[in-house]
Amino acid sequence: MLDREGPVPIYKQVADLVRDQIERGELKAGDPVPSEATLEKDYDIARTTARRVARELREQGLAHTIQGEGTFVGRPGTPRSPRKVPLYQQISTEVSLRIISGEISPNRAIPGEKVMMRQYGVAKVTVRQAVAHLREQGWVFTVPYRGTFVNEPEKWPRNRDS
């Protein structure tokens with residue numbers, strides 16, 4: 001599918017494939033563009049190449065990026081397709097359920113950034129938002145240069161629906 005030996009850079013080839021999806025209506029205005037992790041996996045490309053795909057789509061006026069949320073079809077200000085719960089909140093909910101179940105015990109580290117980036121197929125900024133959300137709720141605390149650890153149960157949120 002990709003011509004890895006030809007003169008056209010890989011990122012431009014992948015951007016053209018995404019542009020074709022937009023033109024065919026498979027991706028509509030406000031829809032998320034495939035994430036860097038998805039592009040990386042689907043096309044067997046490096047993360048930096050996937051990042052250049054998003055930049056190329058932005059430069060062509062086909063997409064815009066909202067930091068921590070992703071890249072979306074259309075120009076800035078285009079209403080986004082409804083997404084149930086932001087991805088970082090989905091991740092923080094999943095981690096909090098692992099804490100409640102006892103899979104991750106108090107005073108034990110939660111998975112690190114790189115592990116969560118791979119596990120959830122998201123960018124570092126999304127993992128950091130998830131951890132910040134867990135910290136704000138009282139599930140975890142962070143020790144600089146050591147990691148993020150589960151709080152004692154008495155510090156966990158009372159309303160566990162959040």
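Residues numbered from 1 in each chain as written. Predicted model: local features only at pLDDT ≥ 70, side-chain atom pairs only at ≥ 80, totals over all residues. Heavy atoms only, no water.

What to know about the nonpolar core
Next up, step 1: Core analysis: the biggest nonpolar cluster contains 17 residues, and V14, V18, L39, I45, V53 and L57 have the highest contact counts within it.
Next up, step 2: Secondary-structure elements contributing two or more residues to this core are α1 (10-23), α2 (36-43) and α3 (47-59).
Next up, step 3: At 6 residues, the largest contribution of residues to this core is made by α1.
Next up, step 4: Residue contacts for V18: discarding those within four places in its chain leaves L27, V33, L39 and L57.
Next up, step 5: Counting residues in each nonpolar core, the second largest holds 16 residues, with I91, I110, V122 and A130 among its members. (Core = buried A, V, L, I, M, F, W, Y, C linked by side-chain atoms within 4.5 Å. Buried < 20%, exposed > 50% of the residue type's maximum accessible area, 1.4 Å probe, protein only. Helix = DSSP H or I, 4+ residues; strand = E, 2+ residues; numbered from the N terminus. Contact = heavy atoms within 4.5 Å.)

Some thoughts on the packing of aromatic side chains
Next up, step 1: Taken as a whole and judged by the stated rule, the model has 2 aromatic pairs.
Next up, step 2: For the ring pair W139 and W156, a centre distance of 5.3 Å and an interplane angle of 45° mean the geometry is tilted. Pair noted here: W139 is in the loop between α6 (124-137) and β3 (140-143) and W156 is in the segment after β4 (147-150), with a separation of 17 residues, a long-range link. Of the two residues examined, W139 and W156, each falls in the buried class. (Phe/Tyr/Trp six-rings, centres within 6.5 Å; stacked < 30°, edge-to-face > 60°.)

Some remarks on the side chain of T71
Next up, step 1: Its location among the elements puts T71 in strand β2 (residues 70-73).
Next up, step 2: A relative accessible area of 12% places T71 in the buried class.
Next up, step 3: Side-chain polar atoms of T71 contact the side chain of T65, separated by 2.8 Å.
Next up, step 4: Dropping the residues within four chain positions of it, T71 is found in contact with D31, P32, V33, A54, R58, A63, H64 and T65. (Polar contact = N/O pair within 3.5 Å; in protein donor to acceptor, adjacent residues only side chain to side chain.)

Coordinates in, geometry out; function isn't part of it.
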